[in-house]
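# Geometric and topological summary
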Number of protein chains: 2
Amino acid sequence: MDGDSPRPPRLPEREGSYNYDIESMDGSVSGGGGPPWRRQNGSSEALLRYDDGGDGDRGSTREPLLRKRTMNTTSQIAIVGANVCPIESLDYEHAEYFEVIIIVFCFQCRYFKAFFVYGGCNLVLAASAAAICAYIAPAAAGSGIPEVKAYLNGVDAYSILAPSTLFVKIFGSILGVSAGFVLGKEGPMVHTGACIANLLGQGGSRKYHLTCNWLRYFKNDRDRRDLITCGSAAGVAAAFRAPVGGVLFALEEAASWWRSALLWRTFFTTAVVAVVLRGLIEFCRSGKCGLFGQGGLIMFDLSSTVATYSTPDLIAIIVLGIIGGIFGGLFNLLLDKILRVYSIINERGAPFKILLTITISIITSMCSYGLPWLAACTPCPVDAVEQCPTVGRSGNYKNFQCPPGYYNGLASLFFNTNDDAIRNLFSNGTATEFHMSSLFIFFIAIYCLGLVTYGVAVPSGLFIPVILAGATYGRIVGTLLGSISDLDPGLFALLGAASFLGGTMRMTVSVCVILLELTNDLPMLPLVMLVLLISKTIADNFNKGVYDQIVVMKGLPYMEAHAEPYMRHLVAGDVVSGPLITFSGVEKVGNIVHALRIAGHNGFPVVDEPPITETPELVGLVTRSHLLVLLNSKNFMKGRVKTSGSFVLRRFGAFDFAKPGSGKGLKIEDLDFTDEEMDMYVDLHPITNTSPYTVVETMSLAKAAILFRELGLRHLLVVPKTPDRPPIVGILTRHDFMPEHIHSLFPNLNPHKYHSASMAG
Amino acid sequence: MDGDSPRPPRLPEREGSYNYDIESMDGSVSGGGGPPWRRQNGSSEALLRYDDGGDGDRGSTREPLLRKRTMNTTSQIAIVGANVCPIESLDYEHAEYFEVIIIVFCFQCRYFKAFFVYGGCNLVLAASAAAICAYIAPAAAGSGIPEVKAYLNGVDAYSILAPSTLFVKIFGSILGVSAGFVLGKEGPMVHTGACIANLLGQGGSRKYHLTCNWLRYFKNDRDRRDLITCGSAAGVAAAFRAPVGGVLFALEEAASWWRSALLWRTFFTTAVVAVVLRGLIEFCRSGKCGLFGQGGLIMFDLSSTVATYSTPDLIAIIVLGIIGGIFGGLFNLLLDKILRVYSIINERGAPFKILLTITISIITSMCSYGLPWLAACTPCPVDAVEQCPTVGRSGNYKNFQCPPGYYNGLASLFFNTNDDAIRNLFSNGTATEFHMSSLFIFFIAIYCLGLVTYGVAVPSGLFIPVILAGATYGRIVGTLLGSISDLDPGLFALLGAASFLGGTMRMTVSVCVILLELTNDLPMLPLVMLVLLISKTIADNFNKGVYDQIVVMKGLPYMEAHAEPYMRHLVAGDVVSGPLITFSGVEKVGNIVHALRIAGHNGFPVVDEPPITETPELVGLVTRSHLLVLLNSKNFMKGRVKTSGSFVLRRFGAFDFAKPGSGKGLKIEDLDFTDEEMDMYVDLHPITNTSPYTVVETMSLAKAAILFRELGLRHLLVVPKTPDRPPIVGILTRHDFMPEHIHSLFPNLNPHKYHSASMAG
């Protein structure tokens, strides 16, 4: 290595670039002599010489080092800072500052200094991510997939798709990934896609003065939901460069209702994503866009692998599936516990959130800097395709503290972008690249860090930690079973990733296709399917999928597609909770205003009573938002008389009753009425839905739940069985079907009593 | 070629094998001299020498020629006879018979004799297929996908999944494909999968004495429907060796209701299919299974192709998509017209069905034998990877009438198995293999033959003709636009196939994934998506997808997922048709028997009347099958008194009311009652569904249709708006929502009047 014999730097001091590489430092240790910055310059020169990229301007030694990093093969968009950067390359100004510290400390202490720089950068990035998340949009923390899933089920949680959330999601995710956390950008990208779709669907944001009115088409629930489904599909398609995987993710995990039109719309969206991505990659092929754009649409190309496998391989794969199921179930269990602890901390306020994030950041930095010291140096393989050791860029063979010609396997995993670590694990024909001990340490570290990182106040995806951990134990199993199986450890890593994904997320078809599109390894498809089946089946015995768990833990009233078995033993009338607020067909304004002020309900039954009809008679259902529009028009009457509906409706345009964007609707607090107005009457017939869906009170609750869920209702009227009673018994809403509500009404009902029946059905 | 200089045959006359190859005949033309059978032996020897397969016993000249055909690369299971066989190789006994005819006719006439053999074999196979189809199971004709789709929508057409249909579907499909028709085995395999699933789900067939009782789990509609969905997914997975494609096909095209459990079940099914297929392929790798098992799971491996494409390529692809949309829409239109003509012929009886099939068989034979004569001979490429010309097996370069060293491009397409023709069209680096004129002729022939073949009384799929025609025009476009685009004509063929599939079948994600799994060409995915989007969008402007069209044409009452726009202008009460038959809660047996005999209804409302309650009161709905079980038990009473329900139900077991297998249920004609019994009473309360789904008569028909469709109902009760009327207005069934029914009631309702509103929504 040229760095061994220090030479005078050719560059002027202010224009050259210092390289605080662990590798280069170590290179100078073995060489000895000379002030460190001189040797570092020599090393940086050596680095430039290794750099055999195609660009003409690559040869210039006047380039700062950061520029060089466009060479590497990673494809992660969001790498800005620390995960690779602060150790491997700092630009001049920063370097000079820390230089002082080096000289103050002893020669051996430079490792601590390097850690200080590395950990410090991580800390700053992590703290910024946590700060914007905690102060601007707390809803942006975490993956966002559970929230999007709940939204598409009909739960519009507060500001979950607001523009501020979008902003924090994008920049928080960039900062979080840069801070070297064990987290992914995939979940946040799904949420980002959904936020953008929501912003488009409501025609911009009035709060931030970004409005346009041409998107009135989406002023209804269904089309807005469709649009947000498309947005989440686009997120997956962009994150994994997997357009078909995006469609399937939206189908399998995100959407609650599925129509062929929606399939077609998501397909269209992801096709556009693919074409745009393809265009950007083409545009960036010359290295204009940093880490983005290398490697084409397929991120981890394994297409060269052989496709033969025999019975022993199948046994090894079944073992892998079982391990994946157990680890996946355990992961979900532990994550649930950890999130419950974290939620106690996070509830205490923004400073605590930032403190927690900082703690986890320090632990992460310590793990990724400290653990590679445990690994022994491995001599570079003589037949390595890639240059070994890798200097100055992410790659397969990290030098770390090793002498020249050697690499540190554990550092190659820890000291890389997550994408490159995955690529290393998936790589073929490198069976001996990683020591078993390195893989074990890496697996345990990633598994634990993945668990503790998820709940911090930073946008964080679960895909990357899960794929990393899965690929690691897949490689371990592959190496252990290498004697009985002919498959490459790289393929075992792929199958391990599949098994762990199946074990935690419980997705099947979408994971299968996403892995296929990531790796281009179609002949492995039957094996991937098999391993997913086994791991999902095993993990399903322990608990629910990780996103479902988080939805439950966040208390979002998610309606499952199937009715719970204990619901078969209740009837609809059992769970309606009073007191019921009904309006007359022609109602006093004061009564309406009073009812809207005291009750949080969004739907009210309208009943015509004797002055208007002979017997009390159910007219239908009126919603809060329609009532507010009607009250706002102040079109009141002196007496209790039924008007002609068309007369009232003529005063309104087609879009006055359209669904407003989130946070934009009228509120009862916004309306003022005089005492005279409060004593007047208003005819509710024109705005009443005269044919709401109804069920009889004796209908099985399970059956009512299916009706409610399949039709995507918000209110379901319960009518009496016999005609001699008031025409309405109550209203069922989403909350009345929640297990917590039912168990509070019927504490003796054992939810697990009928579970075996549900398992059989 | 050795055939040029005739030599005495080395084999004893009875043990040698004659080769009635067009190629070998022509070889002898250029050689001249000697009696034809001698020269043919010489040619057959030359053929054996070309045969450089791995098997040790291949060298033996004592093998009959048919044995040799295990060598080729095709993977079509169902090739038995004529498509390649009768011209290329006949065994000795047949050959000797036709030998006489040769000698009687002049030398030039042997082409007519060869046609006679070829066409005759095709004719016999086609006639057998049509005969078993027409006489044993007429329901087995056609693709079967529309019927399976309708079944999964809730339409149980007569004997569509019966064991006889299964039998005819399997053997008819084998015979049909062997007869050289332009049809595929994919549709029939979907139907076969569904039939097998149905057979399993009802625990065997009582009619054919194949019963077992351990499958009681499936004695309900939903689980049986799920099982049949899995069966159809397995069919696609097996036909295309595309497990994920199978899942998506079941989702996109087959199933009407989708649940995550179903996704999981179909995924499991196709994973098992993939593993079993993989095992069979492994087992058959040594050539034990004829044409099956070569080439692994990926049928047309294009993985070596480059993945770069530029803007001109995109323009070429858009053109391809537009052409695909236009041809697809035209195909559907013409197919509809032709099927209507055919149905008139087919209705006249089985002999007419066979006659029609024979006619089409003769036309097909004439086309595939006669048209290659129009093509000029092309000299073999010097750098061909494959042996050229191909003799004695299916391959890229068919000799046909050409001199040695030449091949006939059109014969390479017509005189091959369909799979090999597709492989030829998809092949890369063979830009000049086919003359433009050959491709034009082939396209027109396949397009027309595909149209006229579908309606004949033979199990026939549409995938293969559509892929063939699409690949052909794709190659034409690719060749024409070769100057502006760098893509290989083979890739254009793939994209052409995608565009035509999108234009006819209107599937997107599933076609995309199936093509991906067929070709292993993942980098082309964005282009395939784009071309599918364009062709589907364009074709959707003309008509519906081909399977939807066939469903409508067969008069199956398929419920669309969305309500038609004109339904918004009607209310539920408008379409209920009388007279309504209701029962009292305790009803006279005679009345029930009479009602069941005169009315075909399957559901009857039960109304309690004054002797039992004060005012008429709706109890619920009772179904025909439950009534029959109750009547069969003869548990009658003397007087009109309400019993305790548990007393009655104690006489029945859990499975007495379970859904029987098709054709196995009780019928009213099977029951006999004495006059005394007819005068007795029976309490219907225990078997009444006391909480049926109801709608008020003033509900918009569109809303009622959504309720009906989403919940998969068979009966929907319409109740009056006001309480002072009889408690039930009528029953809505599937037929009441059909456009034909509504238009017969409201002839002035213009179905197209509100269509623009539907397009916007």
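Being a predicted model, the structure only gives us computed values, none of them experimental.

Even without being a glycine, A:Asn520 presents a positive backbone phi close to 60 degrees. Within the secondary structure, A:Asn520 sits in the loop between helix H20 (509-519) and helix H21 (525-540). The phi dihedral of B:Arg241 is positive, around 55 degrees, even though this residue is not glycine. Checked against the element boundaries, B:Arg241 lands in the loop between helix H10 (221-240) and helix H11 (243-254).

With that out of the way, let us pick up the state of the cysteines. Disulfide: a covalent bond connecting the sulfur atoms of a pair of cysteines. Under the definition given, this model contains two disulfides over all chains. What pairs with A:Cys377 in a disulfide is A:Cys402, and their sulfur atoms sit 2.0 Å apart. Between A:Cys377 and A:Cys402, the disulfide has an S-S torsion of -95 degrees and is therefore left-handed. Residue A:Cys377 is found in strand S3 (residues 377-379), and its partner A:Cys402 is found in the loop between S3 and strand S4 (406-408); the two are separated by 25 residues along the sequence. Here B:Cys448 is not cross-linked by a disulfide; its sulfur's nearest cysteine counterpart is in B:Cys367, at 8.3 Å.

Attention now moves to the packing of helix H18 (residues 463-480) of chain B against helix H19 (residues 489-505) of chain B. All names here are of chain B. Relative to each other, H18 and H19 sit at 130 degrees, their axes nearing to 6 Å. As the angle between them shows, H18 and H19 are arranged oblique. Judged by the twist between their axes, the crossing of H18 over H19 is right-handed. The segment H18 lies against H19, with Phe463, Val466, Ile467, Ala469, Gly470, Ala471, Tyr473, Gly474, Arg475, Gly478 and Thr479 engaging Pro489, Gly490, Phe492, Ala493, Gly496, Ala497, Ser499, Phe500, Leu501, Thr504 and Met505. For the contact of H18 with H19, a count of residues per class yields 13 nonpolar, eight polar and one charged.

On to the environment of B:Ala376, then. Residue and element names in this part refer to chain B. Note that alanine 376 resides in the loop between helix H14 (350-370) and strand S3 (377-379). Here alanine 376 falls in the partly exposed class, since its relative accessible area comes to 48%. The sequence separation of alanine 376 and phenylalanine 500 amounts to 124 residues, and the corresponding C-alpha distance is 28 Å. Alanine 376 has contacts with Tyr407 and His435, leaving out every residue within four places of it along the chain.

All right, on to the sheet that holds strand S5 (residues 583-584) of chain B then. Residue and element names in this part refer to chain B. Strands sit in the order S5-S7-S8 across an open sheet of three strands; the sheet is mixed. Sheet topology places S5 and strand S8 (617-623) at the edges, where each strand pairs with a single neighbour. Sheet analysis places strand S7 (residues 603-608) next to S8, joined by six bridges and oriented antiparallel. Paired with valine 606 across the strands is glycine 620, a residue of S8. Along the sheet, helix H25 (residues 624-633) contacts S5, S7 and S8; its crossing angle with S8, the most-contacted strand, is approximately 85 degrees.

In the superposition of chain A on chain B (RMSD 0.1 Å, axial shift 0.0 Å), the rotation amounts to 180 degrees. The operation mapping one copy onto its partner corresponds to a two-fold rotation axis.

Another point: the environment of B:Ala137. Residue and element names in this part refer to chain B. Mapping alanine 137 onto the fold places it in the loop between helix H6 (110-135) and helix H7 (145-153). The class of alanine 137 is buried, set by a relative accessible area of 3%. Taking the C-alpha atoms as reference, alanine 137 lies 9.3 Å from proline 163; in sequence the two are 26 residues apart. Leave out the neighbours within four places in its chain, and alanine 137 touches Ile132, Ser164, Thr165 and Val168.

Turning our eyes to something else, we now look at helix H8 (residues 163-178) of chain A. Every α-helix winds through 3.6 residues per turn, so residues three or four apart in the chain are directed the same way. All names here are of chain A. Compared with the 22 Å implied by 1.5 Å per residue over 16 residues, the 23 Å span of H8 between its first and last C-alpha is a close match. Among the residues of H8, Ser164, Thr165, Leu166, Val168, Lys169, Gly172, Ser173, Gly176, Val177 and Ser178 are the ones counted as buried. Backbone geometry just after H8 places glycine 180 at a positive phi near 80 degrees.

So, on to the interface of chain A and chain B. Contacts between chain A and chain B engage 64 residues on the former and 64 residues on the latter. Applying the counting criterion to the chain A and chain B interface returns zero salt bridges. Taken together, the links from chain A to chain B amount to eleven residue pairs in polar contact (both at pLDDT 80 or more). For the side of chain A that touches chain B, the leading source of residues is helix H12 (residues 260-284) of chain A, giving nine residues. Classifying every residue of the side of chain A that touches chain B by side-chain character gives 41 nonpolar, 14 polar and nine charged.

What follows concerns a nonpolar patch on the surface. Residues and elements named next belong to chain A. A cluster of nonpolar residues, Tyr135, Ile136, Phe167, Ile170 and Phe171, forms a patch on the protein surface that exposes about 490 Å² of accessible area. The leading source of residues in the nonpolar patch is H8, at three residues. Relative to the helices and strands, phenylalanine 171 resides in helix H8. Overall, the relative accessible area of 42% leaves phenylalanine 171 in the partly exposed class.

As annotated by UniProt and renumbered to match this structure, "domain: CBS" (unreviewed entry) occupies residues 687-748 of chain A. The distance separating the terminal C-alpha atoms of residues 687-748 of chain A is 42 Å; by composition the span is 27% helix and 16% strand.

Calculation rules
Residues numbered from 1 in each chain as written. Chains lettered and ligands numbered in written order. Predicted model: local features only at pLDDT ≥ 70, side-chain atom pairs only at ≥ 80, totals over all residues. Heavy atoms only, no water. Helix = DSSP H or I, 4+ residues; strand = E, 2+ residues; numbered from the N terminus. Disulfide = S-S within 2.5 Å. Axes fitted to C-alpha atoms, helices over the stretch in contact; angles between N-to-C directions. Parallel < 35°, antiparallel > 145°, perpendicular 65-115°, else oblique. Left-handed = near helix turned anticlockwise from the far one by under 90°. Contact = heavy atoms within 4.5 Å. Nonpolar A, V, L, I, M, F, W, Y, C, P; charged D, E, K, R; others polar. Buried < 20%, exposed > 50% of the residue type's maximum accessible area, 1.4 Å probe, protein only. Pairing = 2+ DSSP bridges. Least-squares fit on C-alpha atoms with pLDDT ≥ 70 in both. Expected span 1.5 Å × (residues − 1). Salt bridge = Lys/Arg side-chain N within 4 Å of Asp/Glu carboxyl O. Polar contact = N/O pair within 3.5 Å; in protein donor to acceptor, adjacent residues only side chain to side chain. Patch = residues over 30% accessible without salt bridge, like charges linked within 9 Å, V, L, I, M, F, W, Y side chains within 5 Å. Areas by Shrake-Rupley, 256 points an atom, 1.4 Å probe, with all protein chains shown as cover. UniProt positions renumbered as here; feature names shortened; annotations may be inferred.

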